[in-house]
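# Structural description and commentary
Here is what each chain is made of, one letter per residue.
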Amino acid sequence: MATEHHRNDIGGNSSTNEQTYVFSPEKAPSLAVVDAVASASETDPTALPPLYDAIEPDALDATFESSQPGATRRVSFSYSGFDVTVDGGPAVTVSLE
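Under an unreviewed UniProt entry, the name given to the chain is Halobacterial output domain-containing protein, and the source organism is Haloterrigena gelatinilytica.

## Some remarks on the pattern of salt bridges
Summed over all chains, the structure comprises two salt bridges. The salt bridge partner of D35 is K27, with a shortest N-O separation of 2.7 Å. Grouping residues by exposure puts D35 and K27 together as buried. Note that R74 and D87 form a salt bridge whose closest N and O atoms lie 2.6 Å from each other. Highlighted residues: R74 in strand β3 (residues 73–79) and D87 in strand β4 (residues 82–88), separated in sequence by 13 residues. For D87, a relative accessible area of 17% gives the class buried.

## Comments concerning the nonpolar core
Of all hydrophobic cores here, the largest spans 22 residues; its most connected members are V33, F77, Y79, V84 and V94. Sorting the residues of this core by element identifies β2 (19–23), α1 (29–41), β3, β4 and β5 (92–96) as the ones contributing at least two each. It is α1 that contributes the most residues to this core, six residues altogether. When near neighbours in sequence (up to four residues on either side) are disregarded, V94 contacts Q19, T20, Y21, F23, A32, V33, A36, V84 and T85.

## Overview of α1
The first and last C-alpha atoms of α1 sit 18 Å apart over 13 residues, in line with the 18 Å expected at 1.5 Å per residue. Every buried residue belonging to α1 is among P29, S30, A32, V33, V34, D35, A36, V37 and A38, and all of these are buried. Check the buried side of α1 and you find it contacts β2, α2 (57–63), β3, β4 and β5. Where α1 ends, the next residue or the one after it, E42, has phi of about 50°, a positive value.

Rules used in this analysis
Each chain has its residues counted from 1, following the order in which its sequence is written. Per-residue local features are limited, in this predicted model, to residues with pLDDT of at least 70; the limit for side-chain atom pairs, both in listing and counting, is 80 or more; totals at the level of whole chains, interfaces and linings are taken over all residues. Hydrogens are left out, water is left out, and the side-chain values use all remaining heavy atoms of the structure. Every case where a carboxyl oxygen of Asp or Glu lies within 4 Å of a side-chain nitrogen of Lys or Arg is listed as a salt bridge. Throughout, exposure labels follow a simple rule: accessible area from a 1.4 Å probe, protein chains only, divided by the maximum for the residue type, with under 20% read as buried, over 50% as exposed, and the rest as partly exposed. Only DSSP runs of H or I covering at least 4 residues are called helices, and only runs of E covering at least 2 are called strands; the numbering of each starts at the N terminus. Here the nonpolar core consists of buried residues drawn from Ala, Val, Leu, Ile, Met, Phe, Trp, Tyr and Cys, with membership extended through side-chain atoms lying within 4.5 Å. Contact definition: two residues touch when any of their heavy atoms are within 4.5 Å. The span you would expect from a helix comes to 1.5 Å times its residue count less one.

Structural data, given as structure tokens:
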């Protein structure tokens, strides 16, 4: 199954390598994080360390499942050498630095 996402390099400062990945609403945040880190590091997702070494995947997914309209959610943590920020909205946005 193909993953729908696109990457936008953001910033403008060459000293930062921040990248943003936007995933479809059907993509679980935990899977979106693994896919974004794999893409940024040019690594197969199965070669990455388990996400649960950095954060509880079920808790991450549950954080973004709430159906409260207008609720803002943001979670930041380190994973596989990246600072990861997950924002929730109609789609999951994963920012890496």
